[in-house]
Amino acid sequence: MLDGMRVVDLSTEIAGPYCTKLLADAGADVVKVEPPSGDPLRAWRSGALFEFLHTSRRSVTGAPDDDHVVDLCAAADIVVESGPPGRWLSQGLEAGRVRERNPGLVVVSITPFGQRGSWAEWAATEFTLQAWCGSIATRGLPEDPPVAAGGRIGEWVSGTYAAVAAVGAWLQATRTGRGEHVDVALLDCMALTMNTYTSVFAEFLGWPEMRRPTRSIEIPSIEPTADGYIAFTTNSAQQFADFLLLIGRPDMIEDRYLAKVMGRFKRRDETLAMSHAYTLRHTTAELLEEATLLRIPSGPVGNGATVTGFDHFEATGTFVENPRGRFVQPRVPYRISGLQARPFTASPDIGEHDDTIDWAPRTHPAIPLVGDKEDEGPDPRPLSGVRVLDCTAWWAGPAATHMLACLGADVIKVESVTRPDLMRYTSTKRPPEDLWWEWGPLFHGANIGKRGITLDLTRPEGRDLLLRLADTADVLLENFTPRVMEQFDLGWDVLHARNPRLTMVRLPAYGLSGPWRDRTGFAQTMEGITGMAWVTGWPDGPPLLPRGACDPLAAMHAVFATMLALRDRASSGEGHLVEVTMIEAALNAAAEQVVEYGASGTLLGRNGNRGPLAAPQNLYACAGHEEWLALAIATDAQWLAMRTVLDDPEWAADPALGTAAGRFAAHNRIDEHLGLWCETRDARELAEMLASHGVPAGYVEDARDIARNPQLGERGFLEVEEHPVTGAHPIPMVPFRYAGRAGRTWIRRPSPTLGEHNDEILGTELGLTSDELAHLRDIDVIGERPVGS
């Protein structure tokens, strides 16, 4: 799919290598550059994580500014690096005149805080970034400290965004001959994906007074059974009512307080007691069978030892053997008809391909425009000229089409007056206030930049109009359970026969085949099944939901696969059926549990706010109410820097603490001293002082306050949406920056009101008369208000 693309990988850890893994899996020739001692990730645990991330690539040794490495970069299409901000750009790229030799080169820089801004040089780990992005503050019980999500999710999701940004910039470069510098900040990626538009809720509500603590858990979510745990999802009142039937408590259905999420949380002891009275008397399998009959989204809670035995994964061949034969790993989480993902080859030995890379100087590749319509306009973007029909709802699908819109596509969101996107109903207004459905913060966040129409696809008139729109489109993307489009008689065979150049992207929860094919899936269920929840929580407590990342993870894999399909169509002329499985995208981000268990037999677990990479790593209570400092010492140099900030107290001078092994052994003692030091000090001031002196630290930010984060503000992460109903409000946007678009915003238009562009698209563009449009309104095939509002 990306045959002929050349990539130089100068990165380490997870985000950069996962970005280049996605490129390599799609066929790019990826060359890993590492020091003679090897990428440090090779020595992490059993080495399985390195082997998973580095299949299907070559390895050479050298430093980023060595002449032979600079020469490789000058002959590449994409360079991915994760060094300190600006370091390689000045020492390697400019010194080697790489831009002069290859004007079309795309450089992707992945850093904690981005290439610019007052925090750019600050120290951070994924744990401390969870504090800054507002994620940690939301998770846990009020009687316990807040708790971080396990599994370094922020790095995986950042790598996915980096891959999308890289391919987008490359497509642009192939059209213009001008390269790009892509600036990916982990903080931005995590603020978008591990924080579900909390700042927009605050904006729409007028920033009401907030009382800490703000953390909570979903009830029910992950509950104990007779033989393990089960994950339930009860996002709607109906789902919770069905759950009450399951546990034998129909008498509680009329309790309206329990029907509300926060009502259940406030009465959590009562609710959990009656839940566990039932779940502990039944096995996970028994409960899953009952939940399925009641259509309650649910799943087993997997871990590294058990997830490979999940019946759906076994039936669909989700796990494949790693080429080195030490473990199984998740397959590529998408499939494109007529195209094959590259078969995995074994991760290379250190320097295995030294002196064997023979890339000719790169000339501007002649690859035609991705879209059918040349539509550069005053603000050219990678997908200018591409038209997308957006038949999605909730978060994963809309987030995918939102990114396509930001990258330049003309996205037409299709809803109906009988069933609008239900994300509209997570609203800050309530009936009978007029237009209450236009105040959904998550809807705004995931639908900016689109036009919107309504069509009732259950009616022949609505279906016919969608087919007429499909004649004009390049992509149709949907995320229903597979049976829905088939019930509309709008499956792949129908659409492909109608428009052979159309690519249909399907984003089901569990895929288009297998025993779980037609089950409804939500992110919470995915987090349980894949093992994400297994490594989140306290050692002596149940697994906790990480929250948030599964939807945008699936969305960005869908965007990536869509661009691959469009790129192929540019030469083949044929559209493709693209299947992107939501649970498999999450499974790739949770892969370390599976590959480590397979390679070494080690079952990774949860350890509260401590972690395997840093010691000390924890949250420390500071002066004031619910004020917390996140701290993570990952290197000996950071330990020395922290001692300096602390004025080198006597306890810290213990020579045994000068090594990581010594600090891990003395973690409890270090925590006691740091706790005493922090309890009289200001948490935010400590975080800023430590981070600016090379010590990874973060302030546990209330989720809504990312809108006031100075670094995000300097980077322009939030942009003002001017909406005809809600007015002007800042909205989190794209978590990467293109240098070539400096000073420009991603927003081109606000999120659409319901059916806002019916006349423009169905009338002006499709040619319906005013009488025909009026008739369609009369019979509710189209409209601008939900039926019954």
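First, a word on what this report is: a plain description of the structure on this page.

Thresholds, definitions, all that
- Residues numbered from 1 in each chain as written.
- Predicted model: local features only at pLDDT ≥ 70, side-chain atom pairs only at ≥ 80, totals over all residues.
- Heavy atoms only, no water.
- Helix = DSSP H or I, 4+ residues; strand = E, 2+ residues; numbered from the N terminus.
- Rg over C-alpha atoms; globule rule 2.2 N^0.38 Å.
- Buried < 20%, exposed > 50% of the residue type's maximum accessible area, 1.4 Å probe, protein only.
- Contact = heavy atoms within 4.5 Å.
- Areas by Shrake-Rupley, 256 points an atom, 1.4 Å probe, with all protein chains shown as cover.
- Lys, Arg positive; Asp, Glu negative; His and termini not counted.
- Charge placed at Lys NZ, Arg CZ, Asp CG, Glu CD.
- Axes fitted to C-alpha atoms, helices over the stretch in contact; angles between N-to-C directions.
- Parallel < 35°, antiparallel > 145°, perpendicular 65-115°, else oblique.
- Nonpolar A, V, L, I, M, F, W, Y, C, P; charged D, E, K, R; others polar.
- Left-handed = near helix turned anticlockwise from the far one by under 90°.
- Pairing = 2+ DSSP bridges.
- Salt bridge = Lys/Arg side-chain N within 4 Å of Asp/Glu carboxyl O.

Some thoughts on the overall build of the protein chain
What the protein chain contains, in helices and strands, is 30 helices and 24 strands. The C-alpha atoms of the protein chain give 26 Å as radius of gyration, which agrees with the globular expectation for 789 residues (28 Å, within 12%). By principal-axis analysis of the C-alpha atoms, the protein chain measures approximately 85 × 70 × 50 Å. In the protein chain, which comprises 789 residues, the proportion classed as buried is 62%. Long-range contacts, defined here as pairs at least 24 residues apart, represent 75% of the contacts in the protein chain between residues at least 6 apart. Accessible area of the protein chain: about 27800 Å², with a carbon and sulfur share of 52%. Computed over 73 positive and 106 negative side-chain charges, the separation of the two mean positions in the protein chain equals 2 Å.

Considering the packing of helix 21 (residues 550–572) against helix 22 (residues 582–589)
Remark: helix 21 packs on helix 22, axes separated minimally by 8 Å, with the N-to-C direction vectors making an angle of 105 degrees. One element, helix 21, and the other, helix 22, form an angle in the roughly perpendicular class. Between helix 21, through C550, D551, L553, A554 and H557, and helix 22, the contact on the second element is made entirely by M582, A585, A586 and A589. Split by residue class, the contact of helix 21 with helix 22 holds seven nonpolar, one polar and one charged.

Re the environment of M642
Inspection of the secondary structure assignment puts M642 in helix 24 (residues 636–645). The class of M642 is buried, set by a relative accessible area of 1%. In this structure M642 touches L631, I633, L674, L690 and V695, once residues within four positions along its chain are discounted.

Looking at the packing of helix 15 (residues 396–406) against helix 21
Here helix 15 crosses helix 21 at 45 degrees, and the two axes come no closer than 8 Å. By the angle class used here, helix 15 and helix 21 are oblique. Of the two possible hands of crossing, helix 15 and helix 21 adopt the one that is right-handed. In this structure, helix 15 contributes A396, A399, A400, M403 and L404 to the contact, and helix 21 contributes D551, A555, M556, A558, V559 and T562. Across the contact of helix 15 with helix 21, the residue classes tally to nine nonpolar, one polar and one charged.

Some remarks on the sheet that holds strand 9 (residues 298–300)
Strand order in this open sheet of three strands is 7-8-9, and the pairing throughout is antiparallel. Looking at which strands have only one partner, the edges of the open sheet turn out to be strand 7 (222–225) and strand 9. In this sheet, neighbouring strand axes are inclined to one another by 30 degrees on average, regardless of whether the strands run parallel or antiparallel. For strand 7 and strand 8 (residues 228–232), the ladder comprises four bridges, and the chain directions are antiparallel. For E223, the partnering residue across the bridge sits in strand 8 and is I230. Where helix 13 (residues 284–293) meets the sheet, it contacts strand 7, strand 8 and strand 9, and its direction lies at approximately 15 degrees from that of strand 8.

With respect to the sheet that holds strand 21 (residues 697–699)
Taken together, the three strands give an open sheet; going across it, the order is 19-20-21, and neighbouring strands pair in antiparallel fashion. Taken across any chain shown, the strands that pair with only one partner, and hence form the sheet edges, are strand 19 (617–621) and strand 21. Mean inter-strand twist for the sheet, computed between neighbouring axes without regard to direction, equals 20 degrees. Two strands pair when backbone bridges link them, and strand 19 and strand 20 (residues 628–632) are joined in this way by five bridges, in the antiparallel orientation. Across the sheet, A621 pairs through a bridge with W628, a residue of strand 20. Each of strand 19 and strand 20 touches helix 26 (residues 667–678); the most contacted strand, strand 19, lies at about 30 degrees to it.

Some words on the pattern of salt bridges
For the coordinates displayed, the defined rule picks out 54 salt bridges. For D77, the salt bridge goes to R362, with nearest N and O atoms at 2.8 Å. Here R362 lies in the loop between strand 12 (334–336) and strand 13 (387–391) and D77 lies in the loop between helix 3 (67–74) and strand 4 (78–81), a separation of 285 residues in the sequence. No difference in accessibility class separates D77 from R362, as the two residues are buried. Between R569 and D474 there is a salt bridge whose closest N-O contact spans 3.1 Å. Taken as a pair, R569 in helix 21 and D474 in the loop between helix 17 (460–470) and strand 16 (475–478) lie far apart in primary sequence, 95 residues in all. Given the relative accessible area of 0%, R569 is considered buried. A residue is classified by how much of its surface remains accessible, and D474, at 0% relative accessible area, is buried.

Focus: helix 24
The set of residues buried in helix 24 consists of Q638, W639, A641, M642, R643 and V645. Along its buried surface, helix 24 packs onto strand 20, helix 25 (660–665), helix 26 and helix 27 (683–692). Of the residues flanking the end of helix 24, it is D647, one or two places downstream, whose phi is positive at about 65 degrees.

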